[in-house]
Amino acid sequence: MWFDSWESLLRILVHGTLGYIALVFMLRLSGKRTLSKMNAFDFVITIALGSVFATLLISDMVPLADGVVAIALLVTLQWVASSIYVRSERFESIVKGTPQLVYWKGDYLEDVLRRERITHEEVQAAMRGNSIANGSGAAAVLETDGSLSVVPLGNGEGVEAMERVRSPGDRPI
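Structural notes, computed from the coordinates.

The backbone of arginine 117 sits at a positive phi, close to 60°, despite the residue not being glycine. A relative accessible area of 70% means that arginine 117 is categorised as exposed. The phi dihedral of serine 131 falls on the positive side, at around 55°, and the residue is not glycine. Here serine 131 shows up in the loop between helix H6 (120–129) and strand E3 (138–142). According to the relative accessible area criterion, serine 131 is exposed, its value standing at 68%.

Following this line, the structure appears as structure tokens:
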């Protein structure tokens, strides 16, 4: 079907415009943190917001008020959760996870790499991306957002950055 009716097109224009205004307003009220790409939890909320907005636009079975309330609920829940985990390390580790050491001073942590599904090549690419030619003086960390960070460890540097990183045996470094 190429065309249903002018009424359906008008509904999409009105719902889309009003839904967009409501979404932007709510996101501005809740702050930059709501749409950050800091971890998997934030990513899921961002995808859910997009899904609700798309449903509001396309489905004629979802009234505008229902879509706006759904968006408000997701934004509010994200705001509440991030407010709690900023204040509670335990809640933060449940929601966000913790960074995981995958490479330490020339040694790949094979069990961790296997569990996290990371290859040697990915670790090496992260090192090249950080201009690390000699991995014996570096650590690689799988961050909570899925990215790899490389920390130079020469002359006692970088140790502070490794403070909350989980290492094998779940002991801090």
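What follows covers the pattern of salt bridges. Under the criterion given, the structure shown has two salt bridges. In this structure, aspartate 111 and arginine 114 form a salt bridge, with 2.8 Å as the shortest nitrogen-oxygen distance. Here arginine 114 and aspartate 111 lie together in helix H5 (residues 110–116), a separation of three residues that amounts to about one turn. For the pair shown, aspartate 111 and arginine 114 are each scored as exposed.

Below, the discussion takes up the nonpolar core. Within the largest apolar cluster, 21 residues are counted, with the highest numbers of intra-cluster contacts made by Leu101, Val102, Tyr103, Val123, Met127, Val150 and Met162. Elements represented by at least two residues in this core include exactly strand E1 (100–104), H5, H6, E3 and strand E4 (148–152). Leu23, Met26, Phe53 and Val75 belong to the second largest nonpolar core, which has 12 residues in total.

Enumeration according to the criterion identifies two aromatic pairs in this entry. When the centroid spacing of 5.2 Å and the interplanar angle of 65° are considered together, the rings of phenylalanine 3 and tryptophan 6 count as edge-to-face.

Where helix H1 (residues 6–30) contacts helix H3 (residues 64–87), the two axes come as close as 10 Å, and the packing angle between them is 20°. Judged on the interaxial angle alone, H3 and H1 are roughly parallel. Seen from above, H1 lies across H3 with right-handed handedness. Every residue of H3 that contacts H1 at His15, Leu18, Gly19, Ala22, Leu23, Met26, Leu27 and Ser30 is listed here: Leu64, Val68, Ile71, Ala72, Val75 and Trp79. The residue makeup of the contact of H1 with H3, split by class, is 11 nonpolar, three polar and no charged.

About the criteria used
Residues numbered from 1 in each chain as written. Predicted model: local features only at pLDDT ≥ 70, side-chain atom pairs only at ≥ 80, totals over all residues. Heavy atoms only, no water. Buried < 20%, exposed > 50% of the residue type's maximum accessible area, 1.4 Å probe, protein only. Helix = DSSP H or I, 4+ residues; strand = E, 2+ residues; numbered from the N terminus. Salt bridge = Lys/Arg side-chain N within 4 Å of Asp/Glu carboxyl O. Core = buried A, V, L, I, M, F, W, Y, C linked by side-chain atoms within 4.5 Å. Phe/Tyr/Trp six-rings, centres within 6.5 Å; stacked < 30°, edge-to-face > 60°. Axes fitted to C-alpha atoms, helices over the stretch in contact; angles between N-to-C directions. Parallel < 35°, antiparallel > 145°, perpendicular 65-115°, else oblique. Left-handed = near helix turned anticlockwise from the far one by under 90°. Contact = heavy atoms within 4.5 Å. Nonpolar A, V, L, I, M, F, W, Y, C, P; charged D, E, K, R; others polar.

Everything listed here is a matter of geometry and, on its own, says nothing about what the molecule does.
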